[in-house]
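Given next are the chains, with one letter for each unit.
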Amino acid sequence: MTTTAITNIGSLVTNDPALGDSTPLGLIRNAAVVLDGDRVAWVGPADRAPAADASYDAQGRAAVPGFVDSHSHLVFAGDRTAEFNARMSGRAYSAGGIRTTVAATRAATDAELEANLVRHLDEARRQGTTTFETKSGYGLTVQDEARALRIAAAHTEEVTYLGAHIVSPDYADDPAGYVDLVTGEMLTACAPYARWVDVFCEKGAFDGEQARAILTAGAAAGLIPRVHANQLSHGPGVQLAVELEAASADHCTHLTDADVDALAQAAATTVATLLPGAEFSTRAQWPDARRLIDAGATVALSTDCNPGSSYTSSMPFCIALAVRDMRMTPDEALWSATAGGARALRRTDIGALTPGARADLVLLDAPSHVHLAYRPGVPLVSAVWQKGRKTV
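From a predicted model like this one, the values you see are computed outputs, not experimental measurements.

Quick notes on the rules
- Residues numbered from 1 in each chain as written.
- Predicted model: local features only at pLDDT ≥ 70, side-chain atom pairs only at ≥ 80, totals over all residues.
- Heavy atoms only, no water.
- 1 Å grid on protein atoms, 1.4 Å probe; cavity = no way out; pocket = protein on both sides within 12 Å on 5 of 7 lines; lining within 4 Å.
- Points joined across faces, edges and corners; volume = space filled by probe spheres on them.
- Helix = DSSP H or I, 4+ residues; strand = E, 2+ residues; numbered from the N terminus.
- Buried < 20%, exposed > 50% of the residue type's maximum accessible area, 1.4 Å probe, protein only.
- Contact = heavy atoms within 4.5 Å.
- Core = buried A, V, L, I, M, F, W, Y, C linked by side-chain atoms within 4.5 Å.
- Phe/Tyr/Trp six-rings, centres within 6.5 Å; stacked < 30°, edge-to-face > 60°.
- Lys NZ or Arg CZ within 6 Å of the ring centre and 35° of its normal.
- Nonpolar A, V, L, I, M, F, W, Y, C, P; charged D, E, K, R; others polar.
- Axes fitted to C-alpha atoms, helices over the stretch in contact; angles between N-to-C directions.
- Parallel < 35°, antiparallel > 145°, perpendicular 65-115°, else oblique.
- Left-handed = near helix turned anticlockwise from the far one by under 90°.
- Salt bridge = Lys/Arg side-chain N within 4 Å of Asp/Glu carboxyl O.

## Describing the layout of surface pockets
Right, so step 1: There is about 560 Å³ of room inside the largest pocket.
Right, so step 2: Elements with a minimum of two residues in the lining of the largest pocket: helix 1 (81-88), helix 2 (98-107) and helix 10 (276-282).
Right, so step 3: Top contributing element to the lining of the largest pocket by residue count: helix 10, with three residues.

## Brief notes about the environment of L255
Right, so step 1: Its place among the elements puts L255 in the loop between strand 12 (248-251) and helix 9 (257-265).
Right, so step 2: Residue class for L255 comes out buried when judged on its relative accessible area of 9%.
Right, so step 3: C-alpha separation for the pair L255 and D288, spaced 33 residues apart in sequence, amounts to 8.8 Å.
Right, so step 4: Residues within four places of L255 in sequence aside, it is in contact with N230, H234, V238, V260, L263, R291 and L292.

## As for the nonpolar core
Right, so step 1: Y161, F206, L263, L292 and L301 are the most contacted members of the largest nonpolar core, which has 88 residues in total.
Right, so step 2: Sorting elements by how many residues they give to this core places helix 4 (residues 142-153) first, with six residues.
Right, so step 3: Excluding residues within four positions of it along the chain, L263 makes contact with V238, V242, A249, C252, L255, T270, A272, L292 and A297.

## Looking at the packing of aromatic side chains
Right, so step 1: This model, assessed by the stated rule, comprises six aromatic pairs.
Right, so step 2: Pairing F76 with Y311 gives two aromatic rings, centres 6.0 Å apart and planes at 75°, and the pair type is edge-to-face. In this pair, F76 sits in the loop between strand 6 (67-69) and helix 1 while Y311 sits in the loop between strand 14 (299-301) and helix 12 (315-325), placing the two residues 235 residues apart along the sequence.
Right, so step 3: Measuring from ring centre to ring centre gives 5.5 Å for Y171 and Y178, while their planes differ by 50°; the resulting arrangement is tilted.
Right, so step 4: Y171 sits in the partly exposed class, given a relative accessible area of 25%.
Right, so step 5: Through a chain of ring-to-ring contacts, the aromatic side chains of F76, Y138 and Y311 assemble into a single cluster.
Right, so step 6: Sitting over the ring of W196, R226 keeps its end group 4.3 Å from the ring centre.
Right, so step 7: The cationic tip of K390 hangs over the ring face of W385; the distance from NZ or CZ to the ring centre is 6.0 Å.

## Focus: empty space enclosed by the protein
Right, so step 1: A complete count under the given rule lists one cavity of 30 Å³ or more for this structure.
Right, so step 2: Taken as a whole, the largest cavity spans an internal volume of roughly 60 Å³.
Right, so step 3: Together, D69, S72, L74, H120, A124, T129, F132, T303, C305 and S313 line the largest cavity.
Right, so step 4: Broken down by secondary-structure element, the contributors of at least two residues to the lining of the largest cavity are helix 3 (110-126) and strand 7 (129-135).
Right, so step 5: Its residues assigned to classes, the lining of the largest cavity shows four nonpolar, five polar and one charged.

## Focus on the packing of helix 5 (residues 175-183) against helix 7 (residues 208-220)
Right, so step 1: Here helix 5 crosses helix 7 at 15°, and the two axes come no closer than 9 Å. When the axes of helix 5 and helix 7 are compared, the pair comes out roughly parallel. The way helix 5 lies across helix 7 gives a crossing that is right-handed. Residue-level contacts link P175, V179, V182 and T183 of helix 5 to Q210, A213, I214 and A217 of helix 7.
Right, so step 2: Per-class residue counts for the contact of helix 5 with helix 7 are six nonpolar, two polar and no charged.

## Points about the pattern of salt bridges
Right, so step 1: As enumerated under the stated definition, the model contains 24 salt bridges in all.
Right, so step 2: Across the salt bridge formed by R125 and D122, the nearest N and O atoms sit 2.8 Å from each other. With R125 and D122 both in helix 3 and three residues apart, this pair spans about one turn of that helix.
Right, so step 3: Classification of D122 by relative accessible area gives partly exposed; the value is 31%.
Right, so step 4: Notably, a salt bridge pairs E243 with R212, separated by 2.5 Å at the nearest N-O pair. You can see E243 sitting in helix 8 (residues 237-243) and its partner R212 sitting in helix 7, a full 31 residues away along the chain.

In structure tokens form, the structure reads like this:
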């Protein structure tokens with residue numbers, strides 16, 4: 001394999017305290033990284049870097065691990081501009097929300113869905129995302145959910161079965177029948193393409209007992225649970241996620257003290273994944289990241305990229321929102337967008353720049369990672385290596 005030394009890095013975030021300055025980010029100043037194929041072979045001070053077959057001069061830029069986007073909804077068709085415009089203009093809008101996207105997605109061809117997915121992945125990669133999870137949930141029939149997962153699985157190993165996004169319009173008068181479908185024929189068709197099972201546990205979607213049945217059935221089929229929890233109101237989602245040892249409880253906007261305590265106690269197994277793009281796009285209450293972190297919970301940041309409530313693929317934007325409106329420090333936000341996302345996906349090979357880790361590295365056109373929050377909206381990503389290959 002060809003080795004590549006990235007040298008003259010002004011500030012390197014490793015996410016390993018033992019490699020750097022003993023902080024969670026493991027910062028190394030005047031650093032270098034050596035990539036060997038798709039893995040990191042060496043990190044350390046630039047003046048100690050071993051010889052490599054090729055070199056790349058970072059010219060004093062900061063380097064961070066590739067962003068890990070552990071929550072997105074990218075297999076869809078259609079557009080909900082009118083809904084967003086009405087919401088931001090203070091007007092009532094009743095065009096159907098998720099159901100609008102369901103209708104468009106069902107009508108789209110496989111080629112159209114894949115092209116839209118690839119477009120969003122390329123967009124995210126240009127902004128430093130090197131690992132992403134994505135879900136089904138806009139088909140809500142056996143055939144449409146299975147094809148969404150099949151299309152997604154061709155582009156990422158982190159695929160989530162979300163047949164339980166909402167009750168299908170086809171079962172509006174029979175929610176119990178839809179739960180039976182989601183836990184039966186639909187699950188059988190979808191499980192071969194997925195690693196995870198998810199449910200939107202919320203008023204207007206699925207209650208606690210329905211969510212339990214769906215997650216338990218998914219686990220029996222070999223899928224690992226994650227939960228859309230406590231986004232719109234207080235509810236049973238967080239407690240259910242902790243009880244079932246779900247990998248993540250996502251959103252976590254409306255939490256009781258008992259919810260926070262549960263997430264803190266389960267910090268090693270269940271990550272609180274916060275999605276500030278959703279609050280930005282809906283003018284909703286911000287999740288209180290400070291409360292969770294201070295309690296000892298593990299926190300991840302993700303985009304929730306979807307056409308309705310968070311149409312952004314930018315992890316840097318979400319980092320800036322988390323610092324400004326969710327009371328995170330720049331260091332905490334970056335850790336949550338990299339190592340935190342890896343924890344939410346139960347991965348040890350991504351989210352850090354350490355020997356043996358996957359060679360996912362982002363160079364910023366800035367001297368420090370703090371610029372991600374300091375200069376919101378500015379395209380700071382100057383180069384990206386994904387699995388050891390320079391893609392940007």
